[in-house]
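Residue-level structure breakdown
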Amino acid sequence: MEKKNYFVDDKGFYGKFGGAYVPEILYKCVTDLQQSYLPIIESKEFQDEYRQLLKDYVGRPSPLYFAKRMSEKYGCKLYLKREDLNHTGAHKINNTIGQILMARKMGKTRIIAETGAGQHGVATATVCALMNMKCEIFMGKTDVERQHTNVERMKMLGATVHPVTTGNMTLSDACSEAIRDWCCHPQDTFYIVGSTMGPHPYPDIVAKMQSVISEELKGQLDEKIGRNYPDYLIACVGGGSNAAGTIYHYIDDERVKIVLAEAGGHGIDTDYTAATMHCGTEGIIHGARTLVMQTDDGQIKEAFTISAGLDYPGIGPMHANLAQCGRTKILAINDDEAIYAGYELTRMEGIIPAIESAHAIAALKKLTFKPDDVVVLTVSGRGDKDVQTYLNNKQMAKEYGNF
Amino acid sequence: MNKINKLFSECADRKLLSLYFCAGCPTLEGTADVILTLQDNGIDMIEVGIPFSDPLADGPVIQSAGTVALKNGATLQKIFDQLESIKDKVRIPLVMMGYLNVVMHYGIERFCQSCVKCGASGAIIPDLPFDDYLRDVKPIADKYDLRIIMMITPETSEERIRFIDEHTDGFIYMVSSASITGTQNSFGDAKLEYFKRIDAMKLKNPRMIGFGISNKQTLENAQEYAAGAIIGSKFVSLLNEKGNPKDAVDALYQAIKQ
């Protein structure tokens, strides 16, 4: 059987997905980046600085924690990859550290980024403070309101936050506005994309920067269970960055089953969903050919989910390809299931996960494990930013909501 | 002969003015009226904007026109139907302008067929990569005698401009500056240098300059170094403000005298 290539090809595609569908004004920027990203990432200078910062500044390696009570409940050996313990509270900083080093190497002086839940915005503002670079964050007005604490953190860190008032005023609109800003400042500006989306080479850059997650898993699993691979990997997926990092070094290892949880919102049979891989069709969004939720007339639909970080009508092209090849199993987790799972992890393990990560926890209930199955689940972020949302939705928490 | 080629060959001795408007805005049914009114008032070519939910290269004015058009229920099919109804009255070239997702969803070949059927002479698809144009779109467009108009910008290298010039026909859309669509009060020295630099390349295709043209100075600068100018956001604003195309085009002529 011909071996499938799940990684990006030399033209920037994952199977039929990917590419760089950008206006001509960005052609040079994108081509420059395509030509320089691999030499930069592979250079010793970059690797030394990146690794040092991940260790001393981010606090890596992030722990791999055996969740005893949850393991008993779900009849497996559940290990949590604790990206929530990183500096700034999520996996996002793995990527922003790498991209800002690239920006500096390429002589750019101004940083822009989009953000949904605000985690990527905070992670970008953080590295801009660290490197003393000008930082502009685009964030949908709806998200500015529902993730207010993160907005204040970005401002404290010295970033300018631009509330975006077009469309649904969420992540997708923030991406569009960031790209428009980039069109107006192609020479001095580096766009730090937060997920495995956007024009090539961004999906590959972000996947490579996040691949430190699965790189660490190999050593940590070897140490804890005597073999360097799990039976299952579970992560949540919006644009797909923590999922890409979690699976990166296991993509070609068919012994490892991969389950990804996307945001079902009110349900995939309703108009209120962000489950792109269940409801999407081939299209182009933010410079990439991928699966997109769209109308019969090719207009991009607004995504809907309780989770600002998964609120995106597209999906990274790498994930679109993996899912269509059957390499990954995609589950849609509805708002109420995610909230319940967030409370469950809180009560059983003393970990309040981000609502995004709670979608991955909720996947456990939908899978059947053998007692010896080793399951690694990435807790992509911490839930501090979501406390109000958890409290507002206590009724979804059933037995955990009586307080 | 394709109407775009005909326009540039017959009017080589004078400067051209092309206008963009977003079909379906301010009213769903107004497309035909806008086109015929502009034709009667001396406009040389019209870009018929196809509204899209996520227009990455457009500023606030055209974004908002697209949102209104979509709320009004505009679809590519409805736009084509309206164009077809005035096909026999339209003498000037019409160029469809829209993003790739909508065109791809409609189907490239079907899109070309519909253009022919309704009398459009070409299309501008700002996020269509040049490789995809050459491989997937050009062979079909050529078959239907349609011109796919590609853009160049201040960031486009000379080598790439030559390549684009070699593989396109009709005209080249020259983006005035590193920007999204919208109005600018003046073009600075750097932009004029860029206009002169491209003019001196003696490309085989005529060039139309667009993005940022809203008054006498920007219009004259553009027309001095190219075959003509394209006005978008300024006209879309006036069309919204005046509510009818005759008053809007009169106001536009006033604005570009100042």
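Things to note about the confidence of the model for chain B
Confidence in the prediction of chain B, expressed as mean pLDDT, is 96, and 100% of residues score 70 or more. Scored as a complex, the prediction yields pTM 0.97 and ipTM 0.95.

Quick look at the interface of chain A and chain B
Listed per partner, the contact involves 32 residues of chain A and 34 residues of chain B. Per-residue buried area on chain A facing chain B is highest for Glu24(A), Arg180(A) and Gln299(A); these three make up 25% of the total on that side. Note that Arg160(B) is salt-bridged to Glu24(A), the shortest N-O span being 2.8 Å. The interface formed by chain A and chain B contains 16 residue pairs in polar contact (both at pLDDT 80 or more). Those elements giving two or more residues to the side of chain A that touches chain B turn out to be α1 (27-42), α8 (171-184) and β11 (281-285) of chain A. Taken together, the residues of the side of chain A that touches chain B break down into twelve nonpolar, twelve polar and eight charged.

Some details on the sheet that holds strand β8 (residues 207-210) of chain B
Residue and element names in this part refer to chain B. In space, the nine strands of this open sheet follow the order β5-β4-β3-β2-β1-β9-β8-β7-β6, with parallel pairing throughout. Every interior strand has two partners, whereas the edge strands, β5 (147-149) and β6 (151-152), have only one. Pairing of strand β2 (residues 45-49) with strand β3 (residues 94-97), which is carried by four bridges, proceeds in the parallel orientation. Within β3, the position partnered with valine 48 by the bridge is methionine 96. Running over the sheet, helix α4 (residues 76-85) touches β2 and β3 and is turned about 175° from β3.

Let's talk about the environment of Gly73(B)
All names here are of chain B. Assignment of secondary structure puts glycine 73 in the loop between α3 (60-71) and α4. Judged by its relative accessible area of 22%, glycine 73 falls in the partly exposed class. Linking glycine 73 and phenylalanine 163, residues 90 residues apart in sequence, is a C-alpha distance of 39 Å. Residues contacting glycine 73, with those up to four places away along its chain left out, are Leu28 and Lys78.

Remarks on the sheet that holds strand β8 (residues 189-191) of chain A
Residues and elements named next belong to chain A. Strand order in the open sheet made by the four strands is β7-β6-β5-β8, with parallel pairing throughout. Every other strand in the sheet has two partners, leaving β7 (160-164) and β8 as the edge strands with one partner each. For this sheet, the mean inter-axis angle between neighbouring strands, taken without regard to orientation, is 25°. Each of β5 (110-115) and β8 is contacted by helix α4 (residues 92-105), which is oriented at about 155° to β8, the strand it contacts most.

Describing the packing of helix α2 (residues 44-58) of chain A against α4(A)
Residue and element names in this part refer to chain A. At a minimum axis distance of 10 Å, the contact between α2 and α4 shows a crossing angle of 145°. Crossing of α2 against α4: the hand is right-handed. Touching Glu45, Phe46, Glu49, Tyr50, Leu53, Leu54, Tyr57 and Val58 of α2 are Ile93, Asn94, Ile97, Gly98, Leu101, Met102, Arg104 and Lys105, all from α4. For the contact of α2 with α4, a count of residues per class yields ten nonpolar, two polar and four charged.

Focus: the packing of aromatic side chains
The geometry of an aromatic ring pair is captured by the separation of the ring centres together with the interplanar angle, meaning the angle of the planes. Scanning the model with the defined rule gives 21 aromatic pairs over all chains in all. Measuring from centroid to centroid gives 6.1 Å for Tyr191(A) and Tyr202(A), while their planes differ by 55°, and the two rings are tilted. Of the two residues, Tyr191(A) sits in strand β8 while Tyr202(A) sits in helix α9 (residues 202-210), which places them eleven residues apart along the sequence. On the accessibility criterion, Tyr202(A) (1% relative accessible area) is buried. Arranged with centres 6.4 Å apart and planes meeting at 50°, the rings of Phe195(B) and Tyr225(B) form a pair that is tilted. Note that Phe195(B) is positioned in helix α9 (residues 189-199) and Tyr225(B) in the loop between α10 (216-224) and β9 (228-231), a separation of 30 residues in sequence. Tyr225(B) carries the same exposure label as Phe195(B), and that label is buried. Linked through ring pairs, Phe187(B), Tyr194(B), Phe195(B) and Tyr225(B) together constitute an aromatic cluster. The ring of Tyr250(A) carries the charged tip of Lys218(A) above its face, separated from the ring centre by 5.3 Å. Lying over the aromatic face of Tyr232(A), Lys257(A) brings its terminal NZ or CZ to 4.9 Å of the ring centre.

Here is what the cut-offs are and how they apply
- Residues numbered from 1 in each chain as written.
- Chains lettered and ligands numbered in written order.
- Predicted model: local features only at pLDDT ≥ 70, side-chain atom pairs only at ≥ 80, totals over all residues.
- Heavy atoms only, no water.
- pLDDT = per-residue confidence, 0-100.
- Contact = heavy atoms within 4.5 Å.
- Buried area = accessible area lost by both parts, 1.4 Å probe.
- Salt bridge = Lys/Arg side-chain N within 4 Å of Asp/Glu carboxyl O.
- Polar contact = N/O pair within 3.5 Å; in protein donor to acceptor, adjacent residues only side chain to side chain.
- Helix = DSSP H or I, 4+ residues; strand = E, 2+ residues; numbered from the N terminus.
- Nonpolar A, V, L, I, M, F, W, Y, C, P; charged D, E, K, R; others polar.
- Pairing = 2+ DSSP bridges.
- Axes fitted to C-alpha atoms, helices over the stretch in contact; angles between N-to-C directions.
- Buried < 20%, exposed > 50% of the residue type's maximum accessible area, 1.4 Å probe, protein only.
- Left-handed = near helix turned anticlockwise from the far one by under 90°.
- Phe/Tyr/Trp six-rings, centres within 6.5 Å; stacked < 30°, edge-to-face > 60°.
- Lys NZ or Arg CZ within 6 Å of the ring centre and 35° of its normal.

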